[in-house]
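Residues per chain, in single letters:
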Amino acid sequence: EAQCSSRCLKCLYSCSKVGDPRPGQPYKGGHFCAFLPDNKEGQKTAVLLKKAFEHGLTFQIKSFNGEERVTWGLIPHKTSWDGGKARNGYPDAQYLREVCTVL
């Protein structure tokens with residue numbers, strides 16, 4: 001039986017940035033975890049995701065019931081190691097190709 005190792009990207013986001021929908025207003029940050037396979041393609045994707053994060057493209061701020069919250073942006077992330085594509089998990093044979101196209 002083949003074993004698959006993974007990499008978990010943990011991002012903590014809790015500070016204001018220029019471009020907020022309501023500058024100067026407080027909002028809730030969050031803890032975000034995304035999974036990538038620990039192989040050559042996964043490592044390449046991790047580098048691209050890091051660049052996207054550094055350019056402020058990973059997260060967005062949305063209003064939920066009058067409260068501003070940080071959420072994932074438009075770049076797809078795998079937030080579960082299982083459950084398939086429908087649950088933002090694996091297996092998803094096209095994910096690395098799709099996310100690299102977006103990036």
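Before reading on, note that the structure itself is shown above.
Residues numbered from 1 in each chain as written. Predicted model: local features only at pLDDT ≥ 70, side-chain atom pairs only at ≥ 80, totals over all residues. Heavy atoms only, no water.

**Quick look at the overall build of the protein chain**
Within the protein chain one finds 2 helices and 4 strands. Starting at the N terminus and walking to the C terminus, you meet the elements of the protein chain as β-β-α-β-β-α. Out of the 103 residues in the protein chain, the part that is buried amounts to 33%. Counting every atom, the protein chain has about 7,200 Å² of accessible surface; 52% of that belongs to carbon and sulfur. (Helix = DSSP H or I, 4+ residues; strand = E, 2+ residues; numbered from the N terminus. Buried < 20%, exposed > 50% of the residue type's maximum accessible area, 1.4 Å probe, protein only. Areas by Shrake-Rupley, 256 points an atom, 1.4 Å probe, with all protein chains shown as cover.)

**Comments concerning the pattern of salt bridges**
In the structure shown here, the tally under the stated rule is 4 salt bridges. Its salt-bridge partner being Lys50, residue Glu54 comes within 3.7 Å of it at the nearest N-O pair. With Glu54 and Lys50 both in helix α1 (residues 40–54), this residue pair falls 4 residues apart, about one helical turn. The two residues Glu54 and Lys50 agree in class, both being exposed. Notably, a salt bridge pairs Glu67 with Arg69, separated by 3.0 Å at the nearest N-O pair. Given a relative accessible area of 32%, Arg69 falls into the partly exposed group. (Salt bridge = Lys/Arg side-chain N within 4 Å of Asp/Glu carboxyl O.)

**Observations regarding the packing of aromatic side chains**
The description of an aromatic ring pair rests on the distance of the ring centres and on the angle between the ring planes. This model, assessed by the stated rule, comprises 7 aromatic pairs. An angle of 55° between the planes, with centres 6.2 Å apart, marks the rings of Phe35 and Trp81 as tilted. A residue pair is termed long-range when its members are at least 10 positions apart, and Phe35 in strand β2 (residues 30–37) and Trp81 in the loop between β4 (67–72) and α2 (95–102) qualify at 46 residues. Taking relative accessible area as the criterion, Trp81 reaches 29% and is therefore assigned partly exposed. Aromatic side chains Phe53 and Phe59 sit 6.2 Å apart centroid to centroid with 90° between the ring planes, which places their arrangement in the edge-to-face category. We classify Phe59 as buried; its relative accessible area is 9%. Linked through ring pairs, Phe32, Phe53, Phe59 and Trp72 together constitute an aromatic cluster. Positioned above the aromatic ring of Tyr90 is the side chain of Lys78, whose terminal nitrogen or guanidinium carbon lies 5.9 Å from the ring centre. (Phe/Tyr/Trp six-rings, centres within 6.5 Å; stacked < 30°, edge-to-face > 60°. Lys NZ or Arg CZ within 6 Å of the ring centre and 35° of its normal.)

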